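One letter stands for each residue in the lines below.
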Amino acid sequence: MAVRKTAAILSAAAALVAGSLFGLMGPAAASARPDAALAAEALAGARQHAVESPTVAKAAAALSCSYTYVCGQGSNGNSFAYTKCNTLYQLPNLTGSGPLVNNQTPGTVAYFYDKNQNFLFSSTAYQSTTVNWTPVWYAIAC
């Protein structure tokens, strides 16, 4: 879309410049000057758009998490999906920020712990949030 817009602006600017140059040859030279200035501004704007690289927001992919599961994914792509209660799970080397989805039955609490099994935080279903997974090493689904 941006390429077509830039091409259209460049084309319009070229047409205005060409028209202004031909107009300068004849009696309408005085009235053509504003067109030339306008064309120069349009061309400068088109160059600016062509040079600037668009900022692309990296959308976080939605984490699919089945009902009765608690799921998470680190920025390194490692993920988990746990459902069994009263089980201490060692997480699969999650690092960086990523989604946490607690899609267990409403009110069910999942617990998360550091490498020394010290409590860090909990999540009550239903919850979908972003977590820094780097210090998190263990989880109890419920």
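By convention here, each chain's residues receive numbers from 1 onward along its written sequence. Per-residue local features of the predicted model are confined to residues with pLDDT of at least 70, and side-chain atom pairs are confined, for both listing and counting, to 80 or more; whole-chain, interface and lining totals are unaffected and use all residues. Water and hydrogen atoms were dropped before computing side-chain values, which therefore reflect all heavy atoms in the structure.

(A) Representation of the overall build of the protein chain within the structure. A run of H or I in DSSP becomes a helix once it reaches four residues, and a run of E becomes a strand once it reaches two; helices and strands are each numbered from the N terminus. When its secondary structure is counted, the protein chain shows two helices and eight strands. N-terminal to C-terminal, the α/β element order of the protein chain is α-α-β-β-β-β-β-β-β-β. Burial here depends on accessible area, computed with a 1.4 Å probe over protein chains only, as a share of the maximum for the residue type. Under 20% is buried, over 50% is exposed, and the range in between is partly exposed. Within the span of the protein chain, comprising 142 residues, buried residues form 30% of the whole. What makes two residues a contact is simply this: any of their non-hydrogen atoms within 4.5 Å. Contacts spanning at least 24 positions in sequence make up 54% of the contacts within the protein chain whose residues lie at least 6 apart.

(B) Representation of the sheet that holds strand β3 (residues 88-90) within the structure. Here, a strand pair is defined by DSSP locating no fewer than two bridges between the strands. Taken in spatial order, the four strands of this open sheet run β3-β8-β5-β6, and their pairing is antiparallel. Single-partner strands in this sheet number two, and they are β3 and β6 (119-124). Strand-to-strand twist in this sheet, taken as the mean axis angle between neighbours without regard to direction, amounts to 25 degrees. Bridge count between strand β5 (residues 109-113) and strand β8 (residues 138-140): three bridges; the pairing is antiparallel. Axis definition: a line fitted to C-alpha atoms, over the contacting stretch in the case of helices. Angles run 0 to 180 degrees between N-to-C directions.

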